[in-house]
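Coordinate inspection notes
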Amino acid sequence: MRKPIARALALAVGVAAIAAALILLSPNGNLGSILSAFWRGSFGTWSALVSGTLVRAIPLAIVGAGLSIAFRAGVFNIGGEGQLLLGAVAAATAGLEFTSLGHAGTVVALLASALAGAAWAGIAAVLRRRFGVLEVISTILLNFVAANLVSYLVRGPLQEPSGALPQTDLIDGSARLLRLGSTRLHYGVFIAIAVCGAAWWFLNRTAAGFRVRAVGASPSAAAVTGRVDVPAVAAGALMVSGALAGLAGGIEITGVTYALYENLSPGYGFSAIAVAILARNNPLGVLATALLFAALETGALGMQRDAGVPSVVATAIEAVVILAALSVGRGAQWSARRGPAVVAS
Amino acid sequence: MVGPARPGRRGIVTGMALFVEAAVRTAAPLLLAAVGESVAERAGVINIGLEGCIVAGAYAAFVFGAASPVSGYSAAILAGAAVGALLAIFAVVRGHDQVIVGTALTMLSLGVTGTLFRSRPDHGFVFVTMEPAVRVPFLADIPLFGAVFSQPITTYAALALLPTVWWWLHRTHAGIALRTVGDSHEAARAAGVRVVLVQSGALLFGSALGGLAGGALVLAQAGSFAEGMSSGRGFLAIAIVALGRWRVGGVAAASVVFGAAMALQYVVQSLGWGLRYELVLMIPYLTTLAALGLFSRGTAPAMLGRRLTN
Amino acid sequence: MTTGSPAAPALELRGIRKRFGDVLALDGVDFRVAAGTVHALLGENGAGKSTLMRIAFGLLQADAGTVSIDGRHMTSLTVRNASRAGLGMVHQHLSLAPGLNAAENVSLGGQGVYRPRQAMRLLHALAQQSGLDVPADARAGDLSIVQQQRLEILKALARDAKVLILDEPTAVLAPPETAELMVWIRRFCASGGSVVLVTHKLREAHAIADDITVLRRGQMTYGGQARASTEARLAQAIFPNVEPLPATLAIVPAGDIVVSAQSVVLGGNHGGVLVHEASFDVRRHEIVGLAAVEGSGHRALLEMLAALRQPTAGDLRLPARVAFIPADRQRDALIADFSLVENVALFGLGAARGLLNWGALAGRSRELIQRFSIAAASETVAARTLSGGNQQRLVVARALEHPVDLVVADNPTRGLDVQATAFVHDQLRRVAANGAAVVVHSSDLDEVLALATRVLVVFHGEVRECAVDRDAIGRAMLGAA
C-alpha cells in the first residue's frame, strides 16, 4: 500500500472509531451535541481555554519534554505518574515546612520536587544499571508504590490537622505560583515553555544531548565508536525525565491545588507518553501535542458534564492516537530495539 | 476495621489458614497470566499490554458472567485474545515497537472498559455470582493446607496448565519451533518456520490466558468489577516470568510467592492487625522490585522484544 | 528415487532475475549442477552468489526464472519444499538456535511429538554415517565453530539432502580444518551427493571443484569445467578491469615501540580467562597481522588494543591516539539513520564537552568526503544510503582524519568489493608508512599475508609470534607447533 493512502486510512479509521464510540456511549446519542460539549469544554470559552486547557497542558508539556529525552535514549520511562506524585509530595512538604522564606519558598518547593522525581526515577535507574532490570517494569511498579505512599501520607503523617479529610493543609501563600490576572493560569506556563525549549536545545546543540540520541539510536555504535558510557547516559536520561516529572508534580501543588491529596494526577504520566510519541520525541513539538491532549481531556470532561459520556474515554482516545501515530510514521524514530535488558547477562 | 491488636493463639491459626487459602486463590490469576506470558516471551514477544488483557477479560466476565460462569470465562478469553490480536497486528506483523504498542493497548483497554463500565445504566451495582469452590474430598479437610484443595475451577486449570505447557514446549516439534523463534529468527527461517505466525500464535495464547486471569479475578475472587482492578497484575506477571527465568517451574514458584504477598492485604484487613492498610498494599510491588533486583540474572530469550528484520 | 531422466542435473536454475530496490542483484543467471559433482560458485563479495543460492533454497523469491531440483521443476518454492526435494543449505552466518541442544536443532522443522531419545539416536546414526562428530546434548551456542558447521551439515543430512549448498564454509576455518572439509566433500560426492561450494577463494575453488561458474555483478562471466580453466582466466572473469595494484609503498623499517604488553591477562564475563599472559610489542611502521579462529580470544585482544577493554592483570601501555575500525560496520561503526555529519560527530563523542559546532562538523565532513572519495550526495544524507564500500570509506576516513599512533582494524574489508578492498589496504599501508602502528585481524588468511609485516597468532588465549608463512600460520591457528 502506498504510504500516503495508508496514512489517510489509518487516521480515518481512528476518527471513525472514536466517533462511533462516542455516539454509542452517550445517553443523548447525538453526535452534534457531543461535539459541541467537547468544544465548550476545551476551547469554546475563554475560561475553558485559559483556566482549563492551558493549565492542564502545563504538566503534560513538562512531563512530555522529559519523556522525549528518555525515549530518545531508548529508555522506556512509564513511571512519570509515580515520579510526578513524589514531586508533589516533596513540594507539599516544602511548602508546608518552609513558610518563612517568602517567595523563595516556591523555588525551594520546585527544586525539591525535581529532586524527588529524579530520586524516584533513580531507583529504577539503579535497578537497571546494577541489576539489569527492565525499566518498563520497575517504573510501573513504582507508580503503584507511589500512589499508595500518597494515600498513606495524606491519611497519616501529613494529614491536615482536623483529621477529617485525606489531604494536607493548604500550603502557605508565599509558596504558591503567581497567577496571570484573574484566571487559573499560573506562572508555570512560562516554566513549561522554558523547559521544552531547554530540552530541545539540550538534545540538538549539546554534546551530552547528542550522546543521548546516539545511545538511543545505536548503543553499540555509541559505545564502540563514540566511546560513550552507555549505561551512564541511559541512567542520566531516566533521571532527567524523572526530575521533570517531579517538577510537574511540584507545579501542580504550587500552582493549582495548593495541597496534596489522593488522585492528584488524572493520569498525566500516561498521557504524557502519548504527548511525546505524537511529537516524535521532539520537545518543541511537545508544546503543541501537550496542548492537543489537554484539549482532549478538558473536552472529555465537558462531554461528561453536558453529554453524559464518561471522561475516561479520553484515555482510550489517546491510545488510539498513539497507534495511529505509529502507523503513519517511519519506524525509525525509536531506538533500534536490541531487546530490553530484562536481566543482566 | 478497628480491632484488637493482639491476636490470640486461635487467631494465629485462623489467620494462617486464611492466609494459605487467600494466597493460593490470589496466586491463580497471576499464575495464569504468567504462564501465558512466558510462552509469548519464549517466542520473543514481550506483552506490555498484558495488563490490558486482564482488565478486558475482567470486564467481559463481569458482563457475560451473569448468565453463567462458562459464558463469563469464554468472554474473558476472547476479550484478552482481542487485545493480543491488536498487539500482534501492530508489533509483530507491522513491526512497531512492542513496548510502545503494549503500553498503548493497556491504556486503550483501561479507557474502553472504564468508559463502558461508567456508562452502564445500573451504574455497576451488580454483583456476579461467584462460582463455588470445587472441593477435593479428603484433601480439602487437611487442617492448614486443605485450603489448597478447595479452590475455584480456574485454580485447578492453572495448575493443570503447568505440565501441559512444559510438555508442549519441550516434547513437540511445534514447541521446539517456538523456542527457536525466540532464540534466533534466522535459525527459524532457515528451517522453514514462519516467524510471524509463531509469534502471533504465542501472543494470542498468552493474552487469552491473561483474559482468563481477569475473568478469574471477577468470577472467582471479587464478584464484581471495579475500574483498574487488575492493579498491576499484568506487570507483576511479566516480572514473575523474568524471575522464574522463563521456565515453567520457576514461574509457578514465583507466582505463589507474589500471590502470597498480595494476599497479605486481605489477611490484615480481616484480622484487624495494626498495620496501616496502605503500607500493606505496597508490599507486593516492593517485594517484586526487591526480587527483581536480587534474583533476576538469567538467560532471556535472545530475540525478546526484537523487531523482525527481513 | 529420481523422477527426472537419468542424466537429470541435481540442481538447475534458469533465467533467475532478482532486484532489490534499485539494484539488479541477479540478471538472468543460469546455473546447472550435474549429479555427483562439486560445483564451485565463484565471485567477489556482492556478486550475487548468496542471493542465487537463497533463491534456490526458497529463502528468497526470484522475480523471474525457474528452479529444478533433481530434475523436478519446483513450482512453489519454500524452504520446506526445497528440503523435501533433497536440497540442503549450510549458511554463511550459521543459523542454529544457540539456546537449543544439538538434537533439537537437527529436529527443527519436524512435525508432531518430539522424543529426545529417538532424536539422539538419529543424530548418532547420522554422525557415524557421515563421519561428522558432534556432542548431542550440548547447547548449540556453546559449540566451537567447526562443530557448529558440522551440526548444520547434519541438519541438512537429516532431511535426506542429496544436494548440499555450502555458503562460504571456509571463511571461519583454519587451513587444516578446510582441508578436512574438502576431504569430506569428496566422500559425499563419491556416494552420490552433489555439492555447491559458494566461495570467493579462487584457489580453493579451482582445487576441489569439477565445474566452476563465475558471477560478477549478477551476471555469469564464466561457466565450465575446472580442468579447462586456469587461475588467471578465472581471475579475469571475477574482476576483469582491475588496475594492477599500485606499487607497494616502500617498506619502512619498524620504529619505536608504541604498544607494549607484558603478561597481560584478559578475563571473561563469567570468570573465565580469554587471554593468558600475553607479551608482545608493536612498533611504528609495522603492520601486525592477527590470525585466529573464532573463539580463540582474539576479539578480546583487539578490544584491548582499541582501549575498549581493560586487562585484568599484567602491564599494558597504549599510545594516546588510537583509532579502531570494528568488524561489524552496521552495528558498531555507523548509525544508519544519522546523517554523515552526525556520524562524523559520533567518533569519540564520549569525550566531547559543551556545545557541538554543527557548522564546523559539516565542513569537516565535506572535506572528508572529498579527501577519501566517498560517493555520497551530500554530507546531510543518512548513512544508510551509502553503499557498503562507501560506508567503509567513511569509517576509515573518520578514523584516519587526524594523525594516529595506532590503528586497530578488525576484518576491515568484509563484504567489500575489490575496489573498496584495495582502498582500505592502501590507506592502512599509508598510515603505517607515515608513522602509525597497525594491527589488523582478518578471517581471510590471504589478506593477512598480503598486508602483514609480522604475524601474531592467537590460539585458546595464547598469543604467539609466527612466521609470515601460510602453512606455519595455519598450523599455529590450531595450536600445532
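Residues numbered from 1 in each chain as written. Chains lettered and ligands numbered in written order. Predicted model: local features only at pLDDT ≥ 70, side-chain atom pairs only at ≥ 80, totals over all residues.

**Considering the overall build of chain B**
Across its full length, chain B carries 11 helices and two strands. Walking chain B from its N terminus toward its C terminus, one meets helices and strands in the order α-α-α-α-β-β-α-α-α-α-α-α-α. Taking the intrachain contacts of chain B between residues at least 6 apart in sequence as the baseline, contacts between residues at least 24 apart amount to 77%. (Helix = DSSP H or I, 4+ residues; strand = E, 2+ residues; numbered from the N terminus. Contact = placed C-beta atoms within 7 Å.)

**Details of the overall build of chain A**
Within chain A, the secondary structure is distributed over 13 helices and zero strands. From first element to last, N terminus to C terminus, chain A shows the α and β order α-α-α-α-α-α-α-α-α-α-α-α-α. The C-alpha atoms of chain A give a radius of gyration of 21 Å, which matches the 20 Å a tight globule of 345 residues would have. Over its C-alpha atoms, taken along the principal directions, chain A stretches across nearly 60 × 55 × 35 Å. Residue burial in chain A is summarised as follows: out of 345 residues, 61% are buried. Partitioning the intrachain contacts of chain A with sequence separation of at least 6 by distance along the chain shows that 78% fall at a separation of at least 24. (Rg over C-alpha atoms; globule rule 2.2 N^0.38 Å. Buried ≥ 20, exposed ≤ 12 C-beta atoms within 10 Å, placed from the backbone.)

**Concerning the interface of chain A and chain C**
The partner chain C presents 21 residues to the 17 residues of chain A that form the contact. At five residues, the largest contribution of residues to the side of chain A that touches chain C is made by helix H8 (residues 207-217) of chain A.

**Digging into the sheet that holds strand S17 (residues 437-441) of chain C**
Residues and elements named next belong to chain C. Taken in spatial order, the six strands make up an open sheet running S15-S16-S17-S13-S18-S19, and their pairing is mixed. Pairing within the sheet leaves two strands with one partner each, and these edge strands are strand S15 (322-325) and strand S19 (462-466). With direction set aside, neighbouring strand axes in the sheet form an average angle of 20°. As defined by bridge partners, strand S13 (residues 287-292) adjoins S17 across four bridges and the pair is classed as parallel. The residue of S17 that forms the bridge with valine 288 is valine 439. (Pairing = 2+ DSSP bridges. Axes fitted to C-alpha atoms, helices over the stretch in contact; angles between N-to-C directions.)

**As for unusual backbone geometry**
One non-glycine residue, B:Ser231, adopts positive backbone phi at about 50°. Residue placement: B:Ser231 occurs in the loop between helix H8 (195-222) and helix H9 (233-243). By C-beta crowding, B:Ser231 is classed as partly exposed, having 18 other C-beta atoms within 10 Å. One non-glycine residue with positive phi stands out, namely C:Ala307, at about 65°. With respect to the helices, strands and loops of the structure, C:Ala307 is situated in the loop between helix H9 (298-305) and strand S14 (313-317).

**A short note on the environment of C:Asp444**
All names here are of chain C. Mapped onto the elements, aspartate 444 comes out in the loop between S17 and helix H15 (445-451). Owing to 17 C-beta atoms within 10 Å, aspartate 444 belongs among the partly exposed residues under this scheme. Sequence separation between aspartate 444 and leucine 173 is 271 residues, and the spatial gap between their C-alpha atoms is 9.4 Å.

**Some remarks on the nonpolar core**
In terms of nonpolar packing, the biggest core is built from 397 residues, with A:Ala61, A:Ile62, B:Ile240, C:Leu197, C:Val407 and C:Val438 touching the most fellow members. The element contributing the most residues to this core is helix H10 (residues 230-257) of chain A, with 16 residues. With sequence-adjacent residues up to four places away left out, C:Val407 is seen in contact with C:Ala323, C:Ala399, C:Leu428, C:Val431, C:Ala436 and C:Val438. (Core = buried A, V, L, I, M, F, W, Y, C linked by C-beta atoms within 7 Å.)

**Brief notes about the sheet that holds strand S11 (residues 257-267) of chain C**
Residues and elements named next belong to chain C. The strand order S12-S11-S14 describes an open sheet built from three strands, whose pairing is antiparallel. Looking at the sheet topology across the chains shown, the edges are occupied by strand S12 (273-283) and S14. Going from strand to strand, the sheet's axes swing by 15° on average, the running direction of each strand aside. Across four bridges, S11 lies against S14 in antiparallel orientation. Its bridge partner lying in S14, serine 260 is registered against arginine 317.

**A short note on the interface of chain A and chain B**
By convention, interface size is frequently given as the accessible area that disappears when the constituent parts associate. Between chain A and chain B, the contact holds 41 residues from the first and 46 residues from the second. Secondary structure elements with two or more residues in the side of chain A that touches chain B: helix H5 (104-131), helix H6 (135-155), helix H11 (268-278) and helix H13 (313-328) of chain A. With 11 residues, the single largest contributor to the side of chain A that touches chain B is H6(A). Here the side of chain A that touches chain B is built from residues that sort into 30 nonpolar, seven polar and four charged. (Nonpolar A, V, L, I, M, F, W, Y, C, P; charged D, E, K, R; others polar.)

**Here we look at the pairing of strand S1 (residues 11-20) of chain C**
All names here are of chain C. One ladder, built from eight bridges, connects S1 with strand S2 (residues 23-33); its direction is antiparallel. Of the residues in S2, the one forming a bridge with arginine 19 is leucine 24. Between the end of S1 and the start of S2, which pair antiparallel, lie two residues, with glycine 21 showing a positive phi angle near 60°.

**Considerations on H13(A)**
Structural remark: α-helix, 3.6 residues per turn; residues separated by three or four positions point the same way. In this model, H13(A) (16 residues) spans 23 Å end to end at C-alpha, consistent with the 22 Å of a helix rising 1.5 Å per residue. Among the 16 residues in H13(A), 14 count as buried, and that is most of the element. (Expected span 1.5 Å × (residues − 1).)

**What to know about the pairing of strand S3 (residues 38-42) of chain C**
Regular strands have side chains that alternate between both faces of the sheet. All names here are of chain C. Counting buried positions along S3 yields five of five residues, so the element is predominantly enclosed. What you see with S3 is no split at all: Val38, Ala40 and Leu42 on one side and His39 and Leu41 on the other are buried throughout. Pairing of S3 with strand S8 (residues 194-199) involves five bridges; the strand directions are parallel. If you follow alanine 40 over to S8, its bridge partner there is leucine 197. In terms of strand pairing, S3 meets strand S9 (residues 211-216) through four bridges, oriented parallel. Counted as the bridge partner of leucine 41 is threonine 213 from S9.

**Things to note about the packing of H8(A) against H10(A)**
Residue and element names in this part refer to chain A. Packing of H8 against H10 brings their axes to within 10 Å, and their N-to-C directions diverge by 110°. Relative to H10, H8 is oriented roughly perpendicular. Where H8 abuts H10, its residues Arg211, Val212 and Val215 lie against Val230, Val233, Ala234 and Ala237. Broken down by class, the residue content of the contact of H8 with H10 amounts to six nonpolar, no polar and one charged. (Parallel < 35°, antiparallel > 145°, perpendicular 65-115°, else oblique.)

**Considerations on the confidence of the model for chain A**
Averaged over every residue, the pLDDT of chain A is 86; residues scoring 70 or more account for 92%. Low pLDDT (under 50) marks residues 331-345 of chain A, which in the prediction has 43 contacts with non-local residues, meaning those over four places away or in another chain. (pLDDT = per-residue confidence, 0-100.)

**Focus on the environment of B:Val181**
Residue and element names in this part refer to chain B. Looking at the secondary structure, you find valine 181 in helix H6 (residues 173-183). Given 29 C-beta atoms within a 10 Å radius, valine 181 is considered buried. Between the alpha carbons of valine 181 and valine 112 there is a distance of 33 Å; along the sequence they are 69 residues apart. With residues up to four places along the chain from it excluded, the contact list for valine 181 reads Ala43, Gly44, Ala188, Val193, Val195, Val198, Gln199 and Met303.

**A few points about the packing of helix H3 (residues 46-72) of chain A against H10(A)**
All names here are of chain A. Running from N to C, H3 and H10 point in directions that differ by 170°, and their axes come no closer than 7 Å. Accordingly, the angle class assigned to the pair H3 and H10 is roughly antiparallel. Residue-level inspection shows Val55, Ile58, Pro59, Ile62, Val63, Ala65, Gly66, Leu67, Ile69 and Ala70 of H3 in contact with H10, the latter providing Ala237, Leu238, Val240, Ser241, Leu244, Ala245, Leu247, Ala248, Ile251, Glu252 and Val256. In the contact of H3 with H10, the residues fall into 18 nonpolar, two polar and one charged.

**Here we look at the environment of C:Arg353**
All names here are of chain C. Counting through the fold element by element, arginine 353 comes out in the loop between helix H11 (340-346) and helix H12 (358-371). The exposure class of arginine 353 is exposed, given the 8 C-beta atoms found within 10 Å. With 280 residues separating them along the chain, arginine 353 and histidine 73 place their C-alpha atoms 64 Å apart.

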